[in-house]
Protein chains: 2
Amino acid sequence: MSRNKGKLYVISGPSGTGKGTICAEILKEIGNEFSVSMTTRSPRPGEVHGKEYYFVTKEEFEANIAAGGFLEYATVFDNYYGTPKEMVINRLERGYNVILDIDVQGGLNVKKAMPEAVLIFILPPSLEVLRSRLEGRGTESREDVEKRLGQAVNEIKLIGEYDYYIVNDVLEESVQTIKSIMLAEASRVPEAVKPIIKEYESQQ
Amino acid sequence: MSRNKGKLYVISGPSGTGKGTICAEILKEIGNEFSVSMTTRSPRPGEVHGKEYYFVTKEEFEANIAAGGFLEYATVFDNYYGTPKEMVINRLERGYNVILDIDVQGGLNVKKAMPEAVLIFILPPSLEVLRSRLEGRGTESREDVEKRLGQAVNEIKLIGEYDYYIVNDVLEESVQTIKSIMLAEASRVPEAVKPIIKEYESQQ
């Protein structure tokens, strides 16, 4: 049975929906299937090149952009962050799944570059819950919170481009749903079913 | 969040693949989401009208065929067996999933009548395993076994029309995969996403 190629999963959602916690939990449970991003920001103490990020210069990053080397990239506080295409494709070819934890716009860019990617959207139970999660961080002004809520609604408007959605109320349930999605996707009848049919025919 | 309507699942596969055992296990675990078929055969001792089957006369069954009342039906040993459309639709409308345990050709007929149905194909690990399962029944002649194997390959040729496939090697894993498929399908972003977006917009 040829189930050799891995699948690419994108997990996105507005800031504060708990996407990061979900991804960390999945990483713990199913092992390292996350790709390593490339960035131009400086490594923090303890961060290792090739583990948390590939740390590169602005010139190297921009050369990679010019060469079409990113599935998606974005600028945050004057630093670039991007997902190197080749690394993802290599992992998929070797039969591993790859999970990308990126923002909604980045997710759409990945879908454009690799239409076979599976996009999962993480929603908050309500805007009220999202508001109290953001306020609970204690790091953001009331104005910032309002801005993030407005941005959240704008991102939610793009949900139609996603394949699956999860309302992140109970962490364990959200993680279970993502694991189920991965198992279901691995059981999809592939576009090219001939290898499956041939395998049984040859046994006759 | 409007996740009100149930989904229709069809579980099919060649004779001897263990489809019946899988369905019985799911029935035990997730409750009665199976629809009751209609048949013209006589009830066996202990069988209850409306539980194992709806037992009807040939005339009633044929009137129902003429009225387009079946999602699919088939003739086995001079008796009709069919899935009443209205009953399935009623259950779905009330938000329940419905699982149909029917043969491959019946599954394709259901898909024609209700394209939103989710079709799951159960495969044997190999024809060799299927052969020994069929022989193990001890009820079929060598000729019958060969006939069934040939029929199995013919049915497998139709797998491209199905959405998911499961190689039924370990029962518990097959059951887990079907449960995962059901959870994943319930998490699909619906074609009409506007209700989701509106719900969050209205909370602003």
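Residues numbered from 1 in each chain as written. Chains lettered and ligands numbered in written order. Predicted model: local features only at pLDDT ≥ 70, side-chain atom pairs only at ≥ 80, totals over all residues.

Undergrad: Could you clarify how one ought to interpret the overall build of chain A in this entry?
TA: Of the regular secondary structure elements, chain A holds 8 helices and 8 strands. Its C-alpha atoms give chain A principal-axis dimensions of roughly 70 × 40 × 30 Å. The buried share of chain A, reckoned over its 204 residues, is 34%. Within chain A, counting contacts between residues at least 6 apart in sequence, those at least 24 apart form 68% of the total. (Helix = DSSP H or I, 4+ residues; strand = E, 2+ residues; numbered from the N terminus. Buried ≥ 20, exposed ≤ 12 C-beta atoms within 10 Å, placed from the backbone. Contact = placed C-beta atoms within 7 Å.)

Undergrad: Could you clarify how one ought to interpret the relation of the copies chain A and chain B in this entry?
TA: What relates the pair of chain copies is a rotation about an axis plus a shift along that axis. Rotating chain A by 180° and moving it 0.0 Å along the rotation axis overlays it on chain B with an RMSD of 0.0 Å. Look at the turn and shift together and you get a two-fold axis relating the two. The position closest to the rotation axis in chain A is occupied by the C-alpha of A:S180, lying 2.2 Å away. (Least-squares fit on C-alpha atoms with pLDDT ≥ 70 in both.)

Undergrad: I would appreciate a short explanation of the pairing of strand β6 (residues 98-101) of chain A in the present structure.
TA: Residues and elements named next belong to chain A. Residues of β6 alternate between two faces, with V98 and L100 on one and I99 and D101 on the opposite face, all of them buried. Summarising the sheet, strand β1 (residues 8-12) and β6 pair through 4 bridges and their orientation is parallel. Across the sheet, L8 pairs through a bridge with V98, a residue of β6. (Pairing = 2+ DSSP bridges.)

Undergrad: So what exactly am I meant to see when it comes to the sheet that holds strand β5 (residues 79-84) of chain A here?
TA: In a beta sheet, neighbouring strands pair by backbone hydrogen bonds and run either parallel or antiparallel. All names here are of chain A. Taken in spatial order, the 4 strands of this open sheet run β3-β2-β5-β4, and their pairing is mixed. Looking at which strands have only one partner, the edges of the open sheet turn out to be β3 (53-55) and β4 (70-76). For this sheet, the mean inter-axis angle between neighbouring strands, taken without regard to orientation, is 25°. Against the sheet, helix α2 (residues 58-66) contacts β2 (37-39), β4 and β5, and its axis sits at roughly 135° relative to β4. (Axes fitted to C-alpha atoms, helices over the stretch in contact; angles between N-to-C directions.)

Undergrad: Honestly, unusual backbone geometry in this entry has me stumped. Any pointers?
TA: Outside of glycine, negative phi angles account for most residues, and trans bonds account for most peptide bonds. All names here are of chain A. Although it is not a glycine, F77 sits at a positive phi angle of roughly 50°. Along the chain, F77 turns up in the loop between β4 and β5. Even without glycine at this site, D78 takes up a positive phi of about 70°. Here D78 shows up in the loop between β4 and β5. D78 gets classed as exposed once you count the C-beta atoms within 10 Å, which come to 8.

Undergrad: I keep staring at the interface of chain A and chain B and nothing clicks. Help me out?
TA: How large an interface is tends to be reported as the accessible area lost when its parts come together. Facing 31 residues of chain A, the contacting portion of chain B comprises 31 residues. Broken down by secondary-structure element, the contributors of at least two residues to the side of chain A that touches chain B are α5 (127-136), α6 (142-156), β8 (164-167), α7 (171-186) and α8 (194-201) of chain A. At 5 residues, α7(A) tops the list of elements feeding residues into the side of chain A that touches chain B. Here the residues of the side of chain A that touches chain B sort into 19 nonpolar, 7 polar and 5 charged. (Nonpolar A, V, L, I, M, F, W, Y, C, P; charged D, E, K, R; others polar.)

Undergrad: How do you make sense of the nonpolar core when you look at a structure like this?
TA: Across soluble globular proteins, nonpolar side chains show a tendency to be buried alongside one another. Among the nonpolar cores identified, the biggest contains 90 residues, and A:I120 and B:I120 are the most heavily contacted of them. With sequence-adjacent residues up to four places away left out, A:I120 is seen in contact with A:Y9, A:V10, A:I11, A:Y162, A:D163, A:Y164, A:I166, A:I178 and A:I181. (Core = buried A, V, L, I, M, F, W, Y, C linked by C-beta atoms within 7 Å.)

Undergrad: Where do I start with the domain arrangement of chain A in this structure?
TA: Residues and elements named next belong to chain A. Domain boundaries assigned for chain A yield domain 1 (1-33 + 97-204) and domain 2 (36-95). Computed from C-alpha atoms alone, the centre-to-centre distance between domain 1 and domain 2 is 20 Å. Across the contact, 13 residues belong to domain 1 and 9 residues belong to domain 2. Only β6 and α4 (104-113) provide two or more residues apiece to the side of domain 1 that touches domain 2. Broken down by class, the residue content of the side of domain 1 that touches domain 2 amounts to 7 nonpolar, 4 polar and 2 charged. (Domains from an automatic or database assignment.)

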